[in-house]
Amino acid sequence: MNDIYRIFIVTLFLFFTEGGFAQARFKATAMVGLNLSQIDGDRQEGYRKRGVSLGLDGSIYLRPDFDISTELLYNKKGAQPASDDKSRANMIHSNISLHYSEIALILNYHYNPSSSKTYYTNSLFAGLSYGRLLKSTTSMIRNNQPVSTLESEVTNQYNPHDFSFIVGWSQLFTPR
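Analysis parameters
Residues numbered from 1 in each chain as written. Predicted model: local features only at pLDDT ≥ 70, side-chain atom pairs only at ≥ 80, totals over all residues. Heavy atoms only, no water. Helix = DSSP H or I, 4+ residues; strand = E, 2+ residues; numbered from the N terminus. Buried < 20%, exposed > 50% of the residue type's maximum accessible area, 1.4 Å probe, protein only. Polar contact = N/O pair within 3.5 Å; in protein donor to acceptor, adjacent residues only side chain to side chain. Contact = heavy atoms within 4.5 Å. Patch = residues over 30% accessible without salt bridge, like charges linked within 9 Å, V, L, I, M, F, W, Y side chains within 5 Å. Areas by Shrake-Rupley, 256 points an atom, 1.4 Å probe, with all protein chains shown as cover. Salt bridge = Lys/Arg side-chain N within 4 Å of Asp/Glu carboxyl O.

(A) Representation of the side chain of S129. Mapped onto the elements of the fold, S129 is located in strand β5 (residues 120-142). On the accessibility criterion, S129 (8% relative accessible area) is buried. A distance of 3.3 Å separates a polar atom in the side chain of S129 from a polar atom in the side chain of E102. In contact with S129, other than residues within four places in its own chain, are E102, I103, A104, D162, F163, S164 and I166.

(B) Focus on the environment of M140. Considering the arrangement of structural elements, one finds M140 in strand β5. Taking relative accessible area as the criterion, M140 reaches 8% and is therefore assigned buried. M140 sits 46 residues away from S94 along the chain, and the two C-alpha atoms are 4.4 Å apart.

(C) Just a nonpolar patch on the surface, in detail. Judged by side-chain polarity, V32, V52 and L54 come together as a nonpolar surface patch covering roughly 230 Å² of accessible area. Mapped onto the elements, L54 comes out in strand β2 (residues 49-63).

Below, the structure written as structure tokens:
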């Protein structure tokens, strides 16, 4: 079976199945997302580094409108220069890839019931996340030539721990 069929089957399972409910109080969800990231201090402005976010979410409902969830995630973050930045002479351009394993604890408040009263259309959420650096790769280029001495110095300087605050809002248009 080639890759196109595999992607099609996974897409069907993700978008056309009911949520995995063990009981009305518990919910499990598979998560797939895209990160657009930038590293503070890399002298490359803009969120150009694309990465994937994959994981699982488990929730326990304390009330119909309030739940606590935990997420186990793999996240790829980093930095990369814009394509037009590469033409500037004597400037060092870095391409950084950081691979994290993360766990998050999130409080979710759901409000504004749908017209059918079967689900809430809006949610506010807040929580904490801890990420552990699994792997990092760094490449630095000046005048189209690698700067390997700088690469080796920078590679070992990444903080292996990432503590984050999570705050957000979501809007649901359908129960799924």
